[in-house]
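# Understanding the architecture of this molecule
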Amino acid sequence: MLTFTIRRLILAIPTLLFISLVIFALLEFAPGDPMAQVPLTVPPEVKQAMREALGLGQPWPIRFVKWMYQFFIVEPMYWIDGILGTTWAEGQQRVISWQTRGPVMDLVAQRMPQTLWVVGMSYVIGVLIALPIGIISAYRQYSWFDQIGTFVSMVGFSVPTFFTGVLLIVIFSVNLGWFPSIYDTTHVVNDWDSFLFQVRQMIMPVSVLALYNAAQISRFMRASMLDNLNQDYVRTARAKGLSERAVVLVHVVRNSMIPVVTVIALGVPQVFGGAIITEQVFKVNGLGQLLITAIHANDLPMVQTLTFIFAVLIVLFNLVADVLYGLLDPRIRYD
Amino acid sequence: MKLTTALMGAAAALALAPAAFAERGSDGELKIIYWQAPSIMNPYLSGGTKDIEAAALVIEPLARYDAAGNLTPWLVEDIPTVENGGVSEDLTSITWKLKDGIKWSDGTPFTSADVRFTWEYCTAEGGGCAQTEKYKDVVDVETPDELTAIVKFSTPKPFPYRPFVGGEAPVIQKAQFQDCMGPKAPECTEANFNPVGTGPFVVTDFRPNDVISLKANDNYRDPAKPAFATVTFKGGGDAMAAARSVLETGEFDYAWNPQLAPDVIAEMEAAGKGQVVAAFGTLVERIMVNLTDPNPELGEERATAKHPHPFLTDKAVRQALSMAIDRPLLVEIGYGKAGTTTCNVLPAPEVYASSANDSCLVQDIEGANKLLDEAGWVDSDGDGIRDKDGVQLSLLFQTSTNAVRQDFQALIKEWWKMIGVETELRNIDASVFFGGDPGSPDTYQKLFADVEMYANNFDGTDPEAYMANWACDEAPRPETQWQGNNMPRFCSEEYDAMVAEMAKTGDINKRAELAKKMNDMLMQEYVIIPLVYRGRVSAHSNTLGGVNMHPWDSETYNAADWYRIK
Amino acid sequence: MTRPAAHGSDPVNPSSHDPIETVADTIGEAYSRSQWWDVWRQFRHHTGAMLGLTFLLFITAAVLFGPIFWDIDPTKLDIRAKDIRPIYTAIWDSGAKVSWGHPFGTDNLGRDTMAKLMAGGRVSLAVGWTAMFLALILGTLIGVAAGYFKKLDGILMRMTDLFLALPLLPLLLVMMLLFRDPLRKAFGPEMGIFILIVVVIGVTSWMPTARIVRGDVLALKEREFVLAARSIGTSSTMMITRHLLPNVLSPIMVSATLGLANAIITESALSFLGLGFPSDFPTWGKLLFDSVDRMTQFPERVVWPGICISFTVLSVNYIGDGLRDALDPRIRGR
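About the criteria used
- Residues numbered from 1 in each chain as written.
- Chains lettered and ligands numbered in written order.
- Predicted model: local features only at pLDDT ≥ 70, side-chain atom pairs only at ≥ 80, totals over all residues.
- Heavy atoms only, no water.
- Helix = DSSP H or I, 4+ residues; strand = E, 2+ residues; numbered from the N terminus.
- Rg over C-alpha atoms; globule rule 2.2 N^0.38 Å.
- Buried < 20%, exposed > 50% of the residue type's maximum accessible area, 1.4 Å probe, protein only.
- Contact = heavy atoms within 4.5 Å.
- Areas by Shrake-Rupley, 256 points an atom, 1.4 Å probe, with all protein chains shown as cover.
- Expected span 1.5 Å × (residues − 1).
- UniProt positions renumbered as here; feature names shortened; annotations may be inferred.
- 1 Å grid on protein atoms, 1.4 Å probe; cavity = no way out; pocket = protein on both sides within 12 Å on 5 of 7 lines; lining within 4 Å.
- Points joined across faces, edges and corners; volume = space filled by probe spheres on them.
- Nonpolar A, V, L, I, M, F, W, Y, C, P; charged D, E, K, R; others polar.
- Disulfide = S-S within 2.5 Å.
- Buried area = accessible area lost by both parts, 1.4 Å probe.
- Salt bridge = Lys/Arg side-chain N within 4 Å of Asp/Glu carboxyl O.
- Polar contact = N/O pair within 3.5 Å; in protein donor to acceptor, adjacent residues only side chain to side chain.

### So, the overall build of chain B
Check the secondary structure of chain B and you find 16 helices and 20 strands. Its C-alpha atoms give chain B a radius of gyration of 26 Å, near enough to 24 Å, the size a compact globule of 566 residues would have. Dimensions along the principal axes, computed over C-alpha positions, put chain B at roughly 85 × 55 × 40 Å. Counting the 566 residues in chain B, one finds 60% classified as buried. Sequence-distant contacts, at least 24 apart, represent 67% of the contacts inside chain B between residues at least 6 apart. Entry remark: accessible area of chain B is about 20,500 Å², with carbon and sulfur atoms responsible for 52%.

### Details of helix H10 (residues 249-270) of chain C
With 22 residues, H10(C) ought to run about 32 Å at 1.5 Å a step, and its terminal C-alpha atoms sit 30 Å apart, in line with that. The element H10(C) is largely enclosed, with a buried count of 17 among its 22 residues.

### A word on the UniProt feature "transmembrane region" (unreviewed entry) in chain A
Residues and elements named next belong to chain A. Sites flagged by UniProt as "transmembrane region" (unreviewed entry) map to residues 9-30, 115-139, 151-175, 195-215, 257-277 and 308-328. Span residues 151-175 is 92% helix and 0% strand, its end C-alpha atoms 27 Å apart. Taken end to end, residues 257-277 is 90% helix and 0% strand, and its two terminal C-alpha atoms sit 29 Å from one another.

### A word on empty space enclosed by the protein
All told, the structure shown has nine cavities of 30 Å³ or more when counted by the stated rule. Taken as a whole, the largest cavity holds about 190 Å³ of empty space. Residue lining of the largest cavity: 16 residues in total, with A:Pro34, A:Val38, A:Trp98, A:Gln99 and B:Ser46 positioned closest to the centre. For the lining of the largest cavity, the secondary structure elements donating two or more residues are helix H2 (43-46) and helix H3 (49-55) of chain B. Residues belonging to the lining of the largest cavity are distributed by class as follows: eight nonpolar, five polar and three charged.

### Here's the deal with the state of the cysteines
Residues and elements named next belong to chain B. Counted according to the given criterion, the structure contains four disulfides over all chains. Shown here is the disulfide that connects Cys180 with Cys188, its sulfur atoms set 1.9 Å apart. The sign of the -100° torsion about the S-S bond sets the Cys180-Cys188 disulfide as left-handed. On the basis of relative accessible area, Cys180 is assigned to the buried category, the value being 3%. With a sulfur-sulfur separation of 2.0 Å, Cys472 is cross-linked through a disulfide to Cys491.

### With respect to the interface of chain C and chain A
At the junction of the two partners, chain C supplies 73 residues and chain A supplies 77 residues. Here chain C packs against chain A, burying approximately 6,900 Å² in sum over the two surfaces, 66% of which is carbon and sulfur. Applying the counting rule to chain C against chain A returns four salt bridges. For C:Asp321, the salt bridge is made with A:Arg222, and the minimal N-O distance between the two is 3.0 Å. Counting across the interface, chain C meets chain A through ten residue pairs in polar contact (both at pLDDT 80 or more). Secondary-structure elements contributing two or more residues to the side of chain C that touches chain A are helix H1 (19-27), helix H5 (150-165), helix H6 (168-204), helix H7 (207-220), H10, helix H11 (284-291) and helix H12 (299-327) of chain C.

Here it is, written out as structure tokens:
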């Protein structure tokens, strides 16, 4: 398994380079203009001069190489400088966003806290409630618990977050006034009261997203459990006198985890990709909002960098899933 | 301990300060929400409305416009004119006298060197300054002493008030930006995010595309202002959420551009926490009629003057399209008090507004039908669509994605159906539609459709550049990389002659007469169909006083005068 | 950790779920019929699945044949009759503006809600089903190929990584740029857009299915029954269709349910990019989105499309459950 992991990690480098090239070409080819948000009253020749100042006059392969240099060489050097106090990156151009003219990585770092607080937390909560719900639903198939679980998860999945989010705001912010409708990203948690405020402002976005995530994962858990509950080995385990608890929680769950692990691993990079709609509804302004505004503003360096980071996480977590398959079912061999 | 002291202090301040005599910072926190989040505090590098308005809290121009569209001195003693000797007789120079004693927020004095530097900064080669148009034809800015700046133009300027005037052209500090000239402009992140200014507030924390925290400027020229100690300038979300946070939940004091249907606004205003105000500038929602053929089979020559449109070149058709529209209803459905009807593409200022086309205010389906009948457009094959010589009156109608515009599209489609014109609707994401990417077929300049709808206006109060948009050589075409503002590809020698004449005319009455004539010509040719004269809207809380929004400058221009109503 | 089939030392615990016993009950009446008849017979006993099937047939019939009986044009504007509330509002609010001419009310431009729901359902169901099947077929094909054939695994999974990483919005814009006009020319405006939307949703949502199917196939192909089948010389095609596919059916069913909901919602998001149907072309997702602003004044405008989407997805989910049970020979007849 170790050789497999190392081999895959090495293979990931050309894969990621290829992905970054495809993304760059795609962004290049997509219609759009970084000047789209400049008012119509600004004359075209001024807009042209602004485009050239952004470096858009150069052919795209040159810009791609420049981006690669900035992202893979200058940014790590800058990072090392920050830790060790060296000056390797002195005078070197970092990856600069076209919208803000600020370094892209600084923005990513700035958006991390709220993304992890809201999107990350909702994912963890989603997984934590989805697994037991899935397991119980399958074990007591067609019980009341299962029926309600099915109903809630299907409604949770098929009613989009742009509706559930606004509904929660109308109920809890407008009518009841319990929770703020706008997330304060500058809020610092340093005592009990500020922690309570943080909880209050997180509660609505987290529950909307957790419902959505839990709905999806619990369905896969339930289906996979149902497949395994009728397998011969379960009967064997029962026959030889294992406790029902051990049969279900050790044997069945472990064997049912493969599709669930896949789904969970697919979802983790999406946490860092942010939750575009929910972030917008609750004004969380995390990575999802950063990406979507960058796309709308055609801020290519920003979109390229964000999607590349996203791609790294996808490749990484799919590898994690593959390794986990081997641990869950030692019969799976990759070598 | 510290907190209680601060609270005691605040309480004492509240008790001591009667509403009439405010003290700097006595009104606590001001919360503003812009659903398009500002990305940078330097308007010279962005040009986006959101960024200009955020920056207006910090940096200021020499003079601004007031609600009536007249200039008012801001950082200067008075407005220079030919009469008071501030503008030279030959109209090639203007002398600004700076107010004495103005300080930057870092405590250093504000001088004419900063004014000169601002011009140098924006016109530096390779800087990509968004406001170079403001400094067009400026050849020099002389600084005979610390408080005098003389702007020299290369040609006579009947209207010399473009450089350093209005929210788009504020003065920036030389000491802060002098190493940021030209290609180095984007590298000065710190300066671009936290500019030193003369305005009422100073940035304490700038988070691009998210939130800006500001505090009162200790060195602001009026010791009693601003009334607010801190400002939170939040961005993100959408117009609905922004309006809700002010009108329904009361979490914010001021929301920018809550562009929503009037019934939705009315419902939210009923909560009694705030109100929506509108101010009318020059923004007109209009339909542009394509006089060239957008047929994809024409390839490279698609939508160029080489191929006239099969039926929109017939004036009767264009006129019928305009007559079929019920403008008062459009206003009622889409804008409410944020809009009013107009029959002109140049609706304001008052001297320029023509009244020759007002017949369009009444919908006339019957008249439109009659006109088409007379022009020979009849439904000969019984499919409900008029035709002539095998050409069907069938249109592709494009616009940007926006709830109000889609409602308008549906309504107009219905009315055009009543006069036997078939319409296919298309809506395009605004970032593509308004982007100038020559590779995209869906930009508003290319107009690969028969008609399109959007809104446009002009800067300030002078329509010369705006009216020049419809000169022949302004037509977007492959040779200009599809840039240009003459979307209908209208071309008339007579019109071009008037454009040239206006550029030479200094007398305001003659200019007004010319502008009106040009407007009337466009209107009576029906190449532009005006729909709604739109105002700029904002929502503010009932506890926020001093808001005096007008269309000629940034909405936040007088934030120093805003206060909390107690 | 205990291996699945390993023996433990816990005392014997008689279980109430005894599969052998329940199977034995039905053996008596299981006289020979075709396999599919058996499946149907089992399916029929599944209450949820039958309810789901009934609802699905009803909603499909309603959107297909409804417009014949309710012949108001869904795009017809009638400003005088705007903002009419549904007829049932009159029960608790006698002053409400209601009309038997518009039993479900009208929108802010006076378009009839019932007609819009029916017209919207046609589009949403057509797009939802087609896009879902496309994504499912693509995902299953790629997943099975990658899981079963070791040589294809690397390349196919890297391709999946690539597709997962591509930013959706620019991808959609590029597809629009490339294919909108040719498709419009070849199939006409409406059919062209339909094909484009279905393909767009299909090719951007097959990846999770592929990853899930591959994971399951990787585990399945090491099982004893596959080994047994291989030892008697079963061909790869037979192996996949007879042994592997039936065993990955349940995750595929779940993907199908989730995929349908996803396709219906995604379709409405596409129209904002100018990629979807024209703005006056109602679909369930768009009806829901357009009404969110007026949610408090006119809750029916969000509730009805929301119910249509949720119940369709719910019924597909139950049908999937029933089908899965019916196709599983171990529990058939329970």
